[in-house]
Amino acid sequence: MFGYVVMNKPEMKFKDFEMYRSFYCGLCRELRERYGISGQITLTYDMTFVILLLSGLYEPPTKKGTTRCIIHPVQSQTVRKNVITEYAADMNVFLTYYKCVDDWKDDKNLAKLALGRLLKNKDRKAEALYRKKTKAIIHDLDELSAMEKAGEKNLDKMAGCFGRIMEEIFAYKEDPWEGALRRMGFYMGKFIYIMDAFEDVEEDVEKGNYNPFSEEYIMEGFQERVRQILIMMMAEACREFEKLPIIKYADILRNILYSGVWCRFETVSGKRKEKQEK
């Protein structure tokens, strides 16, 4: 359920893209160092956004270096890491592990079973460091799973549950900015859940998996209705973002919030339209 909070590369300045990539590579290296190759597999653009957001807000000391990897074996890549990178790596592995467990229970997804086994016990680092936060996330994941099994029809209820999960991840500290970060995370979480359901609805119906749109996707105006819901979610998230005193990385973050998050929607909508016209 990740990969929707991405940049719009054609609309991003070259220097901003290099900065974004350095934090993405930093998260990749941190996952490898803390959790090995299995941790590295969990790398997501969504957590890179979280790193940039929290780094821009709190401005922690950030180390800059270079690295080579399998993807870039010849040319060294710039890497930036800080304490937020460590936090994001822990949260990423923790959330991925529990999502894999849930997907195996619900869909018998063998790929998720295999990844879950690789990550087993590695989630305990996050649980030990952020006990209150991980307890809340596990509770919401269990609630989400239970509602899916019960065939819950209320989209807002389902999306809100995932919104609370992202809310916990965004709320890095208990401080004056916690409220805005929580609200921003909540609405972005709802956006992610709805976008994921929108993209997967045909496949889920075909496989007999749960999807909140399973009865609506064939109705006239479905795509536009989903678009309007997503616009409302991102409008609320952006409203909270603009309350934060962020100067560093602000252009990158706005590229993602106001443009990048819509790239996947347009791609999915275009493919669906092409399929319908054939």
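Scroll up a little and you will see the structure.
K.L.:
Please set out the overall build of the protein chain residue by residue, giving values where relevant.
P.N.:
Looking only at helices and strands, one finds 11 helices and two strands in the protein chain. Ordered by position in the sequence, the α and β elements of the protein chain form the string α-α-β-β-α-α-α-α-α-α-α-α-α. For the protein chain, with 278 residues in total, the buried portion stands at 52%. Of the contacts made within the protein chain by residues no fewer than 6 positions apart, 71% connect residues no fewer than 24 positions apart. Carbon and sulfur atoms make up 53% of the accessible area of the protein chain, which totals about 14000 Å².

K.L.:
Can you explain unusual backbone geometry? Please cite residues and give values.
P.N.:
In this structure, E59 takes a positive phi of about 45° despite not being glycine. Within the secondary structure layout, E59 lies in the loop between helix 2 (45-58) and strand 1 (63-67). One non-glycine residue with positive phi stands out, namely Y249, at about 65°. Within the secondary structure layout, Y249 lies in the loop between helix 9 (222-241) and helix 10 (250-258).

K.L.:
If you had to explain the pairing of strand 2 (residues 77-81) to someone new, which residues and values would you point to?
P.N.:
For strand 2, the buried fraction is high: four of the five residues fall into the buried class. Bridge count between strand 1 and strand 2: five bridges; the pairing is antiparallel. Considered in strand 2, the bridge of T67 is made with Q77.

K.L.:
Please set out the nonpolar core residue by residue, giving values where relevant.
P.N.:
Taken as a class, soluble globular proteins show a tendency for nonpolar side chains to be buried jointly. Formed by 80 residues in total, the largest nonpolar core has its most connected members in F49, L53 and M184. The leading source of residues in this core is helix 8 (residues 178-207), at 12 residues. Setting aside residues up to four positions removed in sequence, L53 forms contacts with F170, L181, M184, F241, L244, I246 and L253.

K.L.:
An account of the packing of aromatic side chains is needed here, citing residue identities and associated values.
P.N.:
For the coordinates displayed, the defined rule picks out 13 aromatic pairs. Judged by centre distance (5.2 Å) and plane angle (75°), the ring pair of F213 and F222 falls under edge-to-face. F222 carries the same exposure label as F213, and that label is buried. Members of the aromatic cluster, connected to one another through ring pairs, are F191, F198, F213, F222, W262 and F265. Just above the ring of F17 sits the side chain of K9; from NZ or CZ to the centre is 4.4 Å.

K.L.:
Provide a residue-level description of the packing of helix 1 (residues 14-40) against helix 10, including the pertinent values.
P.N.:
Look at helix 1 against helix 10: their axes get within 10 Å of each other, and the N-to-C directions meet at 85°. With respect to their mutual orientation, helix 1 and helix 10 come out roughly perpendicular. In contact with D16, M19 and Y20 of helix 1, helix 10 contributes D251, I252 and I256. Along the lines of polarity and charge, the residues of the contact of helix 1 with helix 10 split into four nonpolar, no polar and two charged.

Analysis parameters
- Residues numbered from 1 in each chain as written.
- Predicted model: local features only at pLDDT ≥ 70, side-chain atom pairs only at ≥ 80, totals over all residues.
- Heavy atoms only, no water.
- Helix = DSSP H or I, 4+ residues; strand = E, 2+ residues; numbered from the N terminus.
- Buried < 20%, exposed > 50% of the residue type's maximum accessible area, 1.4 Å probe, protein only.
- Contact = heavy atoms within 4.5 Å.
- Areas by Shrake-Rupley, 256 points an atom, 1.4 Å probe, with all protein chains shown as cover.
- Pairing = 2+ DSSP bridges.
- Core = buried A, V, L, I, M, F, W, Y, C linked by side-chain atoms within 4.5 Å.
- Phe/Tyr/Trp six-rings, centres within 6.5 Å; stacked < 30°, edge-to-face > 60°.
- Lys NZ or Arg CZ within 6 Å of the ring centre and 35° of its normal.
- Axes fitted to C-alpha atoms, helices over the stretch in contact; angles between N-to-C directions.
- Parallel < 35°, antiparallel > 145°, perpendicular 65-115°, else oblique.
- Nonpolar A, V, L, I, M, F, W, Y, C, P; charged D, E, K, R; others polar.

Functional significance is not addressed by these values, which are geometric in nature.
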